[in-house]
Amino acid sequence: MACQICLLLSNQSHYYCSYNHYHHSSPKSSSFKPKALKHPSLENTNNPYKKTFLPPLSLTKRTLNSSALALILNGFLPLNSKALSDKELELERYIDVKEGFTLLRPSSWIKVEKAGATVLFEEANKGSNNVGVVVNPVRLNSLGEFGTPRFVADKLIQAEKRKESTKEAEVIGVTERPGQGGLQVYEFEYKLDSTRGGMKRIFSAAFVASKKLYLLSIAHSDKPESPLDNHTRAALEEILHSFDTAPST
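Residues numbered from 1 in each chain as written. Predicted model: local features only at pLDDT ≥ 70, side-chain atom pairs only at ≥ 80, totals over all residues. Heavy atoms only, no water.

1. What to know about the overall build of the chain
A tally of regular secondary structure across the chain gives four helices and 10 strands. Along the chain direction, N to C, the helices and strands of the chain fall in the order α-α-β-β-β-β-β-α-β-β-β-β-α-β. Here the chain holds 249 residues, and the buried ones make up 47% of them. Of the roughly 13400 Å² of accessible surface on the chain, a fraction of 52% belongs to carbon and sulfur atoms. (Helix = DSSP H or I, 4+ residues; strand = E, 2+ residues; numbered from the N terminus. Buried < 20%, exposed > 50% of the residue type's maximum accessible area, 1.4 Å probe, protein only. Areas by Shrake-Rupley, 256 points an atom, 1.4 Å probe, with all protein chains shown as cover.)

Given below as structure tokens:
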């Protein structure tokens with residue numbers, strides 16, 4: 001996505017972006033919860049401390065079987081919930097003083113060098129799960145001069161579908177939010193299925209400040225056999241909404 005936005009806006013502003021996409025596969029895509037297109041809120045998991053009492057020995061066989069089923073449901077689901085919470089990402093603030101932007105990042109993810117990327121963080125042993133930022137000069141003063149969030153999203157999906165590796169690309173959410181000082185920030189979410197990397201969920205944010213285009217791209221695996229869980233999704237959305245210009249010192 002970062003590459004596609006860069007090319008679109010660079011063409012609009014007569015600049016050429018030579019950024020090579022830093023994702024290991026074509027982006028595709030939890031969906032963040034845009035104000036315009038809201039997704040269901042996170043469901044509350046079962047209380048892991050809820051007590052389950054065994055029935056008296058005098059109960060009938062049928063009642064015992066029902067009680068056993070209840071024990072399975074009430075006993076194992078909390079364990080699954082705990083397993084999900086164990087995968088929760090811890091976030092920390094990252095500030096690039098030189099380029100003038102800030103965002104939250106997973107503290108356990110590794111910072112790596114990649115051609116074209118201003119900064120890139122990857123999950124250990126799962127480089128396809130990553131958070132990256134690209135900064136490039138443009139002649140625009142704001143994203144609004146290029147088009148609406150929906151217009152930009154449609155252009156991006158069209159570009160994705162033209163790739164040979166793309167099997168499916170679908171926009172999930174598009175919105176606009178204010179950044180520092182009323183800055184226009186566009187946010188996108190889409191899912192991507194490709195021959196390289198399979199199903200992915202992509203979150204992206206973009207803004208223009210000081211004649212520079214700032215692009216955030218978050219990619220995470222979202223395969224049917226291992227879908228993106230609610231806890232990880234919430235963390236990725238928090239990263240998405242944290243992307244902004246760096247506070248002035």
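There's plenty left to go through after this.
2. A look at the sheet that holds strand β2 (residues 101-106)
One open sheet accounts for three strands, arranged β1-β2-β10; its pairing is antiparallel. A strand with exactly one partner marks an edge of an open sheet, and here the two such strands are β1 (91-96) and β10 (244-245). Sheet analysis places β2 next to β10, joined by two bridges and oriented antiparallel. Directly across from Thr102, in β10, lies its bridge partner Asp244. Sheet contacts for helix α4 (residues 230-242): β1, β2 and β10; angle to β2, the most-contacted strand, approximately 170°. (Pairing = 2+ DSSP bridges. Contact = heavy atoms within 4.5 Å. Axes fitted to C-alpha atoms, helices over the stretch in contact; angles between N-to-C directions.)

3. Description of helix α3 (residues 149-161)
With 13 residues, α3 extends 19 Å between its outermost C-alpha atoms, agreeing within 8% with the 18 Å of an ideal straight helix rising 1.5 Å per residue. Among the residues making up α3, those that are buried are Pro149, Val152, Ala153, Leu156, Ile157, Ala159 and Glu160. The arc that holds the buried residues of α3, viewed along the axis, is 160°, so those residues lie on one side. (Expected span 1.5 Å × (residues − 1). Arc of directions from axis to C-beta.)

4. Observations regarding the packing of aromatic side chains
A complete count under the given rule lists eight aromatic pairs for this structure. Look at Phe146 and Phe151: their rings are 5.8 Å apart centre to centre, the planes differ by 65°, and that puts the pair in the edge-to-face class. Overall, the relative accessible area of 12% leaves Phe146 in the buried class. Residue Phe151 is classed as partly exposed on the basis of its relative accessible area of 37%. Their ring planes at 45° and their centres at 4.9 Å tell us that Phe207 and Phe243 sit as a pair that is tilted. Remark: Phe243 occurs in the loop between α4 and β10 and Phe207 occurs in strand β8 (residues 198-209); sequence separation between them is 36 residues. Here Phe207 matches Phe243 in class, with each residue buried. One aromatic cluster is present, formed by Tyr94, Phe101, Phe121, Phe207, Tyr214 and Phe243 through successive ring pairs. (Phe/Tyr/Trp six-rings, centres within 6.5 Å; stacked < 30°, edge-to-face > 60°.)

5. Here we look at the sheet that holds strand β9 (residues 212-221)
What the seven strands build is an open sheet, ordered β3-β4-β5-β9-β8-β7-β6; its pairing is antiparallel. The open sheet has two free edges, formed respectively by β3 (110-112) and β6 (166-178), since each of these has just one partner strand. With strand direction ignored, the average angle separating the axes of adjacent strands in the sheet is 20°. The strands touched by α3 are β6 and β7 (184-194); relative to β6, the strand with the most contacts, the crossing angle is about 160°. Here α4 sits on the sheet in contact with β5 (126-137), β6, β7, β8 and β9, set at roughly 175° to β9.

6. Quick look at the confidence of the model for the chain
Scored by pLDDT, the chain comes out at a mean of 76, with 65% of its residues at no less than 70. Low pLDDT, under 50, characterises residues 13-22; the predicted model gives this stretch 33 contacts beyond four residues in sequence or across chains. Residue range residues 24-45 is modelled with pLDDT below 50. Its contacts to residues more than four positions away, or to other chains, number 91 contacts. (pLDDT = per-residue confidence, 0-100.)

7. Some words on the pattern of salt bridges
Taken as a whole and assessed by the stated rule, the structure comprises 10 salt bridges. Here Lys167 and Asp193 are joined by a salt bridge, their closest N and O atoms 3.9 Å apart. Residue Lys167 is found in strand β6, and its partner Asp193 is found in strand β7; the two are separated by 26 residues along the sequence. Judged by its relative accessible area of 15%, Asp193 is buried. Residues Glu237 and Arg233 are paired through a salt bridge, measuring 3.3 Å at the closest nitrogen-oxygen approach. In this pair, Glu237 and Arg233 both sit in helix α4, four residues apart, roughly one turn of the helix. According to the relative accessible area criterion, Glu237 is buried, its value standing at 4%. A single network of salt bridges, built from pairs that share partners, joins Glu189, Arg201 and Asp222. (Salt bridge = Lys/Arg side-chain N within 4 Å of Asp/Glu carboxyl O.)

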